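Listed below are the residues making up each chain.
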Amino acid sequence: MPVDTRLHMLSRLFRDRSEWAVNAAEEVLLSLPHAVRERPSEVRIEDGACFVAFEGGIHVPVPVPLVVAPFLARAATVLVVTLKDTGIASETDVHVRRGPVQAGVFEHA
């Protein structure tokens, strides 16, 4: 099975440079480096793994710290902020989807 180089690079970048936060109202924030032109469209939780989907159809895994996991499990939405070196590139409030996905929806990591 061929490895998607772009997805592999994004997975590594998001693993190394993503940051999660939870505010006093228990709202969840995810900040990511601005590495995908498209805006985030949803956060998907499946079997303990977290993926961020983008409008272009790419789905990238993002690790979730244990301290954030219970808040993410209850969250209906996540504020996803993408950051450039010069500041915020986008802020998008996306829905959290849970459960199994249909075959072929996610690319391999």
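Provided above is the structure to which this section pertains.
Residues numbered from 1 in each chain as written. Predicted model: local features only at pLDDT ≥ 70, side-chain atom pairs only at ≥ 80, totals over all residues. Heavy atoms only, no water.

Some details on the overall build of the chain
Phase 1 of the analysis: Counting its secondary structure elements, the chain contains 2 helices and 7 strands.
Phase 2 of the analysis: Starting at the N terminus and ending at the C terminus, the chain contains elements arranged as α-β-β-β-β-β-α-β-β.
Phase 3 of the analysis: The buried share among the 109 residues of the chain stands at 36%.
Phase 4 of the analysis: Taking contacts inside the chain between residues at least 6 apart in sequence as the whole, the part at least 24 apart equals 55%.
Phase 5 of the analysis: On the chain, roughly 6700 Å² of surface is accessible, and the fraction owed to carbon and sulfur atoms is 53%. (Helix = DSSP H or I, 4+ residues; strand = E, 2+ residues; numbered from the N terminus. Buried < 20%, exposed > 50% of the residue type's maximum accessible area, 1.4 Å probe, protein only. Contact = heavy atoms within 4.5 Å. Areas by Shrake-Rupley, 256 points an atom, 1.4 Å probe, with all protein chains shown as cover.)

Here we look at the environment of Asp16
Phase 1 of the analysis: One can find Asp16 in helix α1 (residues 5-17).
Phase 2 of the analysis: Placed 47 residues apart in sequence, Asp16 and Pro63 show a C-alpha to C-alpha distance of 9.2 Å.
Phase 3 of the analysis: Engagement of the side chain of Asp16 in a polar contact is seen with the side chain of Arg15, the distance being 3.2 Å. (Polar contact = N/O pair within 3.5 Å; in protein donor to acceptor, adjacent residues only side chain to side chain.)

A short note on the side chain of His59
Phase 1 of the analysis: Mapped onto the elements, His59 comes out in strand β5 (residues 59-61).
Phase 2 of the analysis: Given the relative accessible area of 10%, His59 is considered buried.
Phase 3 of the analysis: Among the polar contacts made by the side chain of His59, one reaches the main-chain carbonyl oxygen of Gly57 at a distance of 3.0 Å.

Considering the sheet that holds strand β6 (residues 77-84)
Phase 1 of the analysis: The strand order across the open sheet formed by 7 strands is β1-β2-β6-β7-β3-β4-β5, and the pairing between neighbours is mixed. The strands lining the two open edges of the sheet, one partner per strand, are β1 (19-22) and β5. For this sheet, the mean inter-axis angle between neighbouring strands, taken without regard to orientation, is 30 degrees.
Phase 2 of the analysis: Of the pairings in the sheet, the one linking strand β2 (residues 28-33) to β6 comprises 6 bridges and is parallel in character. Residue pairing for β6: Ser31 is matched across the bridge by Val81.
Phase 3 of the analysis: Sitting on the sheet, α1 touches β1, β2, β4 (49-54) and β5, and the angle it makes with β5 is about 45 degrees. (Pairing = 2+ DSSP bridges. Axes fitted to C-alpha atoms, helices over the stretch in contact; angles between N-to-C directions.)

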